[in-house]
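Architecture at a glance
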Amino acid sequence: MNPSTASEPTASQNVPDASGRFGPFGGRYVPETLTYALDQLLAAYDAARNDPTFQAELDGLLTHYVGRPSPLYHAQRLSQQCGGAQIWLKREDLNHTGAHKINNTLGQALLTRRMGKSRVIAETGAGQHGVATATACARFGLECVVYMGSEDIRRQSPNVTSMRMLGAEVRPVTTGSRTLRDAINDAMRDWMSSVESTHYIIGSVVGPHPFPRIVRDFQSVIGCETREQCLRQLGRLPDRVVACVGGGSNAAGMFYPFVDVPQVKLIGVEAGGRGSQPGDHASPLTYGDPGILHGSYSYVMQDADGQTCDVHSISAGLDYPGVGPEHSYWKATGRVQYTTCGDQAALDAFDSLARSEGILAALESSHAIAHTMQLAAQLPPHEAVVVCLSGRGDKDAAEIARLRDSIASRT
Amino acid sequence: MSAIDTRFQEMRAAGRKALIPFITAGDPSLTFTRAVVEELDRRGCSLCELGIPYSDPIADGPVIQASYTHALAAGVTLSNILATTGDLTRSVTTPLVMMVSLAIIQRRNPSRFVSEAVQAGVSGLIIPDLLLEEAAPMAELCRQADLSLIRLVTPTTPRERAIRIAEQSTGFLYYVSIAGITGERSELPPDLVDNVRWVRERTACPVCIGFGISQPEHVRHLAPVADGLIVGSAIMRRVAAARELATNETQVVAEIGQYVQTLLDALPVAKT
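Everything quoted here is computed from the prediction, not taken from an experiment.

Remarks on the domain arrangement of chain A
Residue and element names in this part refer to chain A. If you check the domain split of chain A, you get domain 1 (21-62 + 101-215) and domain 2 (68-98 + 220-410). For domain 1 and domain 2, the distance between their C-alpha centroids amounts to 22 Å. At the interface, 41 residues of domain 1 touch 44 residues of domain 2. Interface area, domain 1 with domain 2, both sides summed: about 3100 Å², of which 61% is carbon and sulfur. When the area that domain 1 buries against domain 2 is broken down by residue, the three leading residues are Phe25, Arg155 and Arg181, summing to 23%. Along the contact surface separating domain 1 from domain 2 lie three salt bridges.

Looking at the sheet that holds strand β9 (residues 240-244) of chain A
Residue and element names in this part refer to chain A. Taken in spatial order, the six strands make up an open sheet running β3-β4-β14-β9-β10-β13, and their pairing is mixed. Among the strands making up the open sheet, the edge pair consists of β3 (72-74) and β13 (336-342). For this sheet the average axis-to-axis angle between neighbouring strands, irrespective of direction, equals 30°. Where β3 lies against strand β4 (residues 86-91), three bridges are found, and the strand directions are antiparallel. The residue of β4 that forms the bridge with histidine 74 is tryptophan 88. Strands in contact with helix α14 (residues 343-357) are β3, β4, β10 (265-273), β13 and β14 (384-389); relative to β13, the strand with the most contacts, it is inclined by about 90°. Sheet contacts for helix α15 (residues 363-377): β4, β9, β10, β13 and β14; angle to β9, the most-contacted strand, approximately 150°.

Some points on the nonpolar core
Core analysis: the largest hydrophobic core is formed by 128 residues, its most contacted members being Trp330(A) and Leu125(B). Examining the composition of this core, we find that seven residues originate from one element, helix α8 (residues 180-194) of chain A, more than from any other. Taken together, domain 1 (21-62 + 101-215) and domain 2 (68-98 + 220-410) of chain A each give at least three residues to this core, which thus spans both. Beyond its immediate chain neighbours, meaning those up to four positions away, Leu125(B) contacts Val97(B), Met98(B), Val100(B), Phe113(B), Met138(B), Cys142(B), Leu147(B), Ser148(B), Leu149(B) and Ile150(B). Of all hydrophobic cores here, the second largest spans 72 residues; its members include Ile4(B), Met99(B), Ile163(B) and Val219(B).

Points about helix α9 (residues 192-200) of chain B
Buried within α9(B) are the following residues: Leu192(B), Val193(B), Asn195(B), Val196(B), Trp198(B) and Val199(B). Looking at the packing, one finds that the buried side of α9(B) touches α8 (159-168), β6 (173-176), β7 (207-210) and α10 (216-222) of chain B.

Here's the deal with α15(A)
Taking 1.5 Å as the rise per residue, α15(A) with 15 residues should run 21 Å; its terminal C-alpha atoms sit 21 Å apart, in good agreement. Here α15(A) lies mainly inside the structure; 13 of its 15 residues are buried.

Considering the interface of chain B and chain A
With 36 residues of chain B at the interface, the matching set in chain A holds 34 residues. Carbon and sulfur atoms supply 53% of the area that chain B and chain A bury against each other, a total of about 3100 Å² over both sides. For the chain B face of the interface with chain A, the top three residues by lost area are Ile58(B), Arg107(B) and Glu134(B), together amounting to 24%. Among the ionic pairs, Arg161(B) bridges to Glu32(A), the shortest N-O distance being 2.9 Å. At the level of secondary structure, the elements contributing two or more residues to the side of chain B that touches chain A comprise α3 (62-73), α5 (102-108), α7 (136-145) and α8 of chain B. For the side of chain B that touches chain A, the leading source of residues is α5(B), giving six residues.

Looking at the state of the cysteines
Applying the stated rule across the entire model yields zero disulfides over all chains. The thiol of Cys244(A) is unpaired, and the distance to the nearest cysteine sulfur, on Cys388(A), comes to 7.2 Å. Looking at the unpaired Cys45(B), the closest cysteine sulfur is the one in Cys48(B), lying at 6.9 Å. On the basis of relative accessible area, Cys45(B) is assigned to the buried category, the value being 4%.

Procedures and definitions
- Residues numbered from 1 in each chain as written.
- Chains lettered and ligands numbered in written order.
- Predicted model: local features only at pLDDT ≥ 70, side-chain atom pairs only at ≥ 80, totals over all residues.
- Heavy atoms only, no water.
- Domains from an automatic or database assignment.
- Contact = heavy atoms within 4.5 Å.
- Buried area = accessible area lost by both parts, 1.4 Å probe.
- Salt bridge = Lys/Arg side-chain N within 4 Å of Asp/Glu carboxyl O.
- Pairing = 2+ DSSP bridges.
- Helix = DSSP H or I, 4+ residues; strand = E, 2+ residues; numbered from the N terminus.
- Axes fitted to C-alpha atoms, helices over the stretch in contact; angles between N-to-C directions.
- Core = buried A, V, L, I, M, F, W, Y, C linked by side-chain atoms within 4.5 Å.
- Buried < 20%, exposed > 50% of the residue type's maximum accessible area, 1.4 Å probe, protein only.
- Expected span 1.5 Å × (residues − 1).
- Disulfide = S-S within 2.5 Å.

Here's what the structure looks like:
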């Protein structure tokens, strides 16, 4: 309970331990009411992952329903534009529902059915996890309620419409900052009263044990495919792998299969927002300290008293004051390097990718693209950088146009 | 032995039951918090629970959430709360228990937090997000400081686990009446009385029931099977209503006093 944050020698893939620890990070800090449901989930997951029929069913869904494997695409024009290393895009944006989130929600929907529960709740920021949960629930005939901050409902309205069409109820959250953090609070409160019949499909590698591990495992298909595709398409592993980090699920899924290959450098990109002052960014790994939020011990933006700080990002999916505990572990061990990318750089990268490759990236993923472009420019042409294009940008197009108009009218 | 142990020993010997009000520290001000606790102490509440405002209270319903938000917006800090608590413990006889999230304790540093709480005269801690499995280091700090560490049992806790939690609990055991968040309920689960009785027969630790309790009927119904009853949202709702109506604070303190008196009057009469 008073873990040290001293750096560990090397990162292991053999985490978390039985108590949900990634080194000193993770654990389970929740009200007693949730213990039973978390233990039940852990038992169901342990049984499922040793059950070949579970894995076969999930693989079948990933192939025929999601459209996996997602392509690894050589962005030649973008690479030329940067004038350095070769940029490869892992196309999670081409998945059914337009992002990596479906990898996790199908897995957890199967677990929901296995536990004999009939109702699902979820939180969502950008709405991608909400859509992916609503989709999985429709596919399995489960009742679905999605908590979403009212600010996010405004800025990601296309996804709200989709969720409702898929049969989900979207409950606006009007407390606190009205964003992802508050949506998680309300989803957890719902779960406190509904644990008997309801599973909480958490959307990122955050929350109490065993969620960070389960979500990482379901998302690891991204990194596993990338490894194989690199060997096939490049004839070798990539030199660097880049992903954006909010809660950190696409990054965890991309990085985890590379953790034991030290020659592959891993880089996580947090939302730098509009500056380095508290309240201007959403970069707990870069600017925060270890603390407790949403049931686990990890880096978080807190004030001197331990109150969670408001954070800012142009991207609703990265606008979160905490981060998954395994990222804190990778930071502490030095296995992953974390950096930031600001709002404007993400918007510029969105444009660059759109114009050079004909791909609209999600604003979340645009943060990773922006850093990759800077990085590639400094590297020789024979190096290969893979970036996780975690979602597509259709949901953001209207909001980006609105932001441009408001900037234009001010100048 | 902490002041809470002594208090329950006396009460059990006298056949009395505790009524434990919960007050958010600093909503709308610490001056107000102090006045309410002094009023409730005068009226004979046997213990008092101070809620330390937290930005992300997962176990709390809308009333206490809003109360925490107002207190934080008004600028209350942990240091101010500890200072006011220090003044209060000198002016009241009721032992004070802090309900505080682990995020706050962790940020302060657990051993510093415990020593500051003891210095302020606090008798016990309720840490709603500290589970049995993670509690050993905190329990050791509290044991050394003679501070009670009150554990929680809920309707979803398996019975074997409830016993283990009760064995670890000091001061009293907090029996959460419902699977859910804090807030007034008109009806409580039908099996609550039997479940509390079951645990209480198996532990020497006093058992107090909280969550949902707001009416004299609840008190009459539950007091016989427990050592005490905790009332929070019903009190903080009156603070919120007074904020809406801009009622003057003296009047709000009196109203809360009168309301709590109706609950005190519903407690069983002591053995003579």
